[in-house]
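Secondary and tertiary structure notes
So the chains spell out like this:
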Amino acid sequence: MMFVWFLMPFVFTPTIRPFRWSRLLYTYVLPIIPLVLLFDGLVSCLRTYRTTELRELIEDLAVNEYWWEIGEHSGTFGSLPVTYLIGYPREGM
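The following paragraphs examine the structure supplied in this document. Just so it is clear, the structure is predicted and the values come from calculations on it, not from any experiment.

Conventions we followed
- Residues numbered from 1 in each chain as written.
- Predicted model: local features only at pLDDT ≥ 70, side-chain atom pairs only at ≥ 80, totals over all residues.
- Heavy atoms only, no water.
- Helix = DSSP H or I, 4+ residues; strand = E, 2+ residues; numbered from the N terminus.
- Expected span 1.5 Å × (residues − 1).
- Buried < 20%, exposed > 50% of the residue type's maximum accessible area, 1.4 Å probe, protein only.
- Arc of directions from axis to C-beta.
- Axes fitted to C-alpha atoms, helices over the stretch in contact; angles between N-to-C directions.
- Contact = heavy atoms within 4.5 Å.
- Nonpolar A, V, L, I, M, F, W, Y, C, P; charged D, E, K, R; others polar.
- Patch = residues over 30% accessible without salt bridge, like charges linked within 9 Å, V, L, I, M, F, W, Y side chains within 5 Å.
- Areas by Shrake-Rupley, 256 points an atom, 1.4 Å probe, with all protein chains shown as cover.
- Salt bridge = Lys/Arg side-chain N within 4 Å of Asp/Glu carboxyl O.
- Parallel < 35°, antiparallel > 145°, perpendicular 65-115°, else oblique.
- Left-handed = near helix turned anticlockwise from the far one by under 90°.

Right, let's get into the environment of Val 63. Mapped onto the elements of the fold, Val 63 is located in the loop between α4 (51-59) and β1 (66-74). Spatially, the C-alpha atom of Val 63 lies 34 Å from that of Leu 42, the residues being 21 residues apart in sequence.

A few words now on helix α3 (residues 32-46). In this model α3 runs 21 Å from its N-terminal to its C-terminal C-alpha over 15 residues, within 8% of the 21 Å that 1.5 Å per residue would give. For α3, the full list of buried residues reads Pro 34, Leu 38 and Gly 41. The buried residues of α3 occupy an angular sector of 70° when the element is viewed end-on, so they sit on one face. Residues of α3 that are exposed and point over 90 degrees away from its buried face: Phe 39 and Leu 46.

Turning next to the packing of helix α2 (residues 21-29) against α3. Where α2 contacts α3, the two axes come as close as 5 Å, and the packing angle between them is 65°. In contact with Arg 23, Tyr 26 and Thr 27 of α2, α3 contributes Ile 32, Ile 33 and Pro 34. Of the residues in the contact of α2 with α3, the class split is four nonpolar, one polar and one charged.

Further remarks concern a nonpolar patch on the surface. Taken together, the side chains of Leu 25, Tyr 26, Tyr 28, Val 29, Leu 30, Ile 32, Ile 33 and Val 36 define a hydrophobic patch exposed on the protein surface, amounting to about 680 Å² of accessible area. If you list the elements that add at least two residues to the nonpolar patch, you get α2 and α3. The dominant element in the nonpolar patch, judged by the number of residues it contributes, is α2, at four residues. If you trace the backbone, Val 29 turns up in helix α2.

Moving on, we come to the packing of helix α1 (residues 2-12) against α3. At a closest axis distance of 9 Å, the pairing of α1 and α3 adopts a crossing angle of 160°. It follows that α1 is roughly antiparallel to α3 by the angle criterion. Crossing geometry of α1 relative to α3 is assigned as right-handed. In this structure, α1 contributes Met 2, Phe 3, Trp 5, Phe 6, Pro 9 and Phe 10 to the contact, and α3 contributes Pro 34, Leu 35, Leu 37, Leu 38, Gly 41, Leu 42 and Cys 45. Looking at the contact of α1 with α3 residue by residue, the class counts come to twelve nonpolar, one polar and no charged.

Remember that the coordinates give geometry; whether it matters functionally is a separate question.
Okay, structure coming up:
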């Protein structure tokens, strides 16, 4: 999916208003904008955690004030799963 995201600036840059020559220069001649988007997306993907890693992170917490829900939600867009960690305050604390 990141490589599709990399191609999007090439497709949509001419439609962005207000028109600027610098935007065309940094997209087509020196493809800085698409490369920055690609780098940002790949680094963000590398920073994601698996559910087992999230469990290891919360096991080391000294305070037990929250009830944790960890899981994966199956995405509808290309069936990409989304990993989540939600902390709920425990009652009576």
